[in-house]
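# An overview of the molecular structure
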Amino acid sequence: MRRLAMLSLVVRDYDEAIRWFKEVNDGESYFEAQLRLATVVAKQGDIESALAGLRTIAPENDPQRVQRALAEEQILRDAKRPKEALAVLNEAIAAVPED
């Protein structure tokens, strides 16, 4: 499923990519699929839904916390919301200071 989702992204079939990413329910690929799902939703212009989706993902460790923060920061930066993007990075630095 993950490969089909990635292929859909390559050909810019965002609706199909969303469908495939939503099919990933658990396992190692779940976290990454949810990050990519939020990114695709943002590319379609629904920034608030993308951010809400990201905020529902529960990271299991510090590297995942960092990945989620970077995904959120990228979505905000792409949406021309630099102050919010910077705030997300500052929060991540405070939460995971050793990284």
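Keep in mind that this is a model prediction, so the values were computed, not measured.

The subject of this paragraph is the packing of helix 2 (residues 14–23) against helix 3 (residues 29–43). Where helix 2 meets helix 3, the axes come as close as 9 Å, and the angle between the chain directions of the two elements is 155°. Between helix 2 and helix 3, the interaxial angle falls into the category roughly antiparallel. The element helix 2 and its partner helix 3 pack so that their crossing is left-handed. Taking contact as the criterion, the partners of Tyr14, Ile18, Phe21 and Lys22 in helix 2 are, on helix 3, Ala33, Gln34, Arg36, Leu37, Val40, Val41 and Lys43. Counted by class, the contact of helix 2 with helix 3 contains 7 nonpolar, 1 polar and 3 charged residues.

What follows concerns the side chain of Gln64. Position of Gln64 relative to the elements: it lies in helix 5 (residues 62–78). For Gln64, the side chain forms a polar contact with the main-chain nitrogen of Glu60, separated by 2.7 Å. Apart from the residues lying within four places of it in its own chain, the contact partners of Gln64 are Phe31, Ala58 and Pro59.

Attention shifts here to the environment of Ala42. Within the secondary structure, Ala42 is located in helix 3. Among the residues examined, Ala42 registers a relative accessible area of 13% and is labelled buried. A sequence separation of 34 residues divides Ala42 from Leu76, and the C-alpha atoms of the two residues are 9.1 Å apart. Residue contacts for Ala42: discarding those within four places in its chain leaves Ile47, Ala50 and Ile75.

In this section: the packing of helix 5 against helix 6 (residues 82–95). Any two packed helices are characterised by how steeply their axes cross, that is the angle between the axes, and by the distance between the axes. Relative to each other, helix 5 and helix 6 sit at 170°, their axes nearing to 8 Å. The pairing of helix 5 with helix 6 is recorded here as roughly antiparallel in orientation. Here helix 5 runs over helix 6; the crossing is left-handed. Each of Ala69, Leu70, Glu72, Glu73, Leu76 and Arg77 in helix 5 lies in contact with helix 6, whose residues at this interface are Glu84, Ala85, Val88, Leu89 and Ala92. Of the residues that constitute the contact of helix 5 with helix 6, the class distribution is 7 nonpolar, no polar and 4 charged.

In this section: helix 3. The terminal C-alpha atoms of helix 3 lie 21 Å apart, and with 15 residues this matches the ideal 21 Å at 1.5 Å per residue to within 8%. At the exit of helix 3 stands Gly45, carrying a positive phi of roughly 100°.

What follows covers the environment of Asp62. Along the chain, the position of Asp62 falls in helix 5. Considering only alpha carbons, one finds Asp62 and Ala92, 30 residues apart in sequence, at a separation of 9.6 Å.

The rules we used
- Residues numbered from 1 in each chain as written.
- Predicted model: local features only at pLDDT ≥ 70, side-chain atom pairs only at ≥ 80, totals over all residues.
- Heavy atoms only, no water.
- Axes fitted to C-alpha atoms, helices over the stretch in contact; angles between N-to-C directions.
- Helix = DSSP H or I, 4+ residues; strand = E, 2+ residues; numbered from the N terminus.
- Parallel < 35°, antiparallel > 145°, perpendicular 65-115°, else oblique.
- Left-handed = near helix turned anticlockwise from the far one by under 90°.
- Contact = heavy atoms within 4.5 Å.
- Nonpolar A, V, L, I, M, F, W, Y, C, P; charged D, E, K, R; others polar.
- Polar contact = N/O pair within 3.5 Å; in protein donor to acceptor, adjacent residues only side chain to side chain.
- Buried < 20%, exposed > 50% of the residue type's maximum accessible area, 1.4 Å probe, protein only.
- Expected span 1.5 Å × (residues − 1).

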